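Reading the structure
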Amino acid sequence: MVAVNSTMLPLGTKAPDFRLPDTGGKIVSLADFKSAPALLVVFMCNHCPYVKHIRAGLAQMARDYKPRGVAVVGINSNDVANYPEDSPAKMAEEVQRAGYIFPYLYDETQEAAKAYHAACTPDIYLFDEDQRLAYRGQLDDSRPGSSIPVTGKDVRAALEAVLAGKPVPPNQKPSIGCNIKWKPGNEPDY
């Protein structure tokens, strides 16, 4: 397991478009979230210990913020030929196991990951009501094997600021996790 930091896409970046299938085969696109006051995009997978560490906290955050209109979407961009535990069938099982109430999408071409400059799982992006990047980075300071509880404090603070129409402080800590499992020859140059 190699720990990789997120690339920290510039704040203010417009959310890159995507059209990807969820675990039931339904196509979900960025436009489906245009009326959300905030959109949380999380690049994730099933097997990464960093994602497994935060999954209950992520599932709870989605439940906590759904009544306030916050949209959450998970995207798995891993190469399933070499990492079959991240296959769409296994993603459907993970949705049930983790209690995710948000769409979990499969990025087979890895183009969405490249558009977002995603580098690791989890890689977290929060967009405001205009779908401009307000926060990117870690869920919180907890890591696998640490004694720090998963609270989601960094993302929750950013969500509260966005929902209140206030700027999110620009001093944001990168996420850390397993690298995205790129298909051979498909690695990005960022």
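Residues numbered from 1 in each chain as written. Predicted model: local features only at pLDDT ≥ 70, side-chain atom pairs only at ≥ 80, totals over all residues. Heavy atoms only, no water.

Turning our attention to the overall build of the protein chain. Secondary structure summary: the protein chain contains 4 helices and 10 strands in total. Each helix and strand of the protein chain, ordered N terminal to C terminal, gives the series β-β-β-β-α-β-α-β-α-β-β-β-α-β. For the C-alpha atoms alone, the extent of the protein chain along its principal axes is close to 45 × 40 × 35 Å. A buried classification covers 49% of the 190 residues belonging to the protein chain. Within the protein chain, residue pairs in contact and separated by at least 24 positions form 78% of the contacts whose partners lie at least 6 positions apart. Accessible area of the protein chain: about 8600 Å², with a carbon and sulfur share of 53%. Separation between the mean location of the 21 positive side-chain charges and that of the 22 negative ones in the protein chain comes to 4 Å. (Helix = DSSP H or I, 4+ residues; strand = E, 2+ residues; numbered from the N terminus. Buried < 20%, exposed > 50% of the residue type's maximum accessible area, 1.4 Å probe, protein only. Contact = heavy atoms within 4.5 Å. Areas by Shrake-Rupley, 256 points an atom, 1.4 Å probe, with all protein chains shown as cover. Lys, Arg positive; Asp, Glu negative; His and termini not counted. Charge placed at Lys NZ, Arg CZ, Asp CG, Glu CD.)

Here we take up the pattern of salt bridges. Summed over all chains, the structure comprises 7 salt bridges. Taking the shortest distance from any N to any O, the salt bridge between arginine 97 and glutamate 94 comes out at 3.0 Å. Linking arginine 97 with glutamate 94, this pair stays in helix α2 (residues 88-98), spanning 3 residues, or about one helical turn. The exposure class assigned to arginine 97 is exposed, which follows from its relative accessible area of 52%. A relative accessible area of 2% means that glutamate 94 is categorised as buried. Aspartate 141 is the partner of lysine 153 in a salt bridge, and the nearest nitrogen-oxygen pair spans 3.4 Å. Separated by 12 residues along the polypeptide, lysine 153 in helix α4 (residues 153-163) and aspartate 141 in the loop between β9 (133-137) and α4 bring together distant segments of the chain. Given the relative accessible area of 45%, lysine 153 is considered partly exposed. Taken together, the shared-partner salt bridges in this structure form one network comprising Asp141, Lys153, Asp154 and Lys173. (Salt bridge = Lys/Arg side-chain N within 4 Å of Asp/Glu carboxyl O.)

Moving on: helix α1 (residues 49-65). In a regular helix each residue adds 1.5 Å, so 17 residues correspond to 24 Å; α1 covers 25 Å between its end C-alpha atoms and thus fits that length. Where α1 bends most, the angle comes to about 50°, and this point is arginine 55. For α1, every residue scored as buried is listed here: Tyr50, Val51, Ile54, Gly57, Leu58, Ala59, Met61, Ala62 and Tyr65. (Expected span 1.5 Å × (residues − 1). Bend = angle between axes of the 7 residues up to and from the residue.)

Moving on to the sheet that holds strand β7 (residues 120-121). Spatially, the 3 strands line up as an open sheet ordered β1-β10-β7, and their pairing is antiparallel. Strands with a single pairing partner mark the edges of an open sheet, and in this sheet they are β1 (3-5) and β7. As paired strands, β1 and strand β10 (residues 176-179) are joined by 3 bridges and run antiparallel to one another. Bridged to asparagine 5 within β10 is isoleucine 176. In the packing of α1 onto the sheet, the strands contacted are β1, β7 and β10, and the crossing angle to β10 comes to about 135°. (Pairing = 2+ DSSP bridges. Axes fitted to C-alpha atoms, helices over the stretch in contact; angles between N-to-C directions.)

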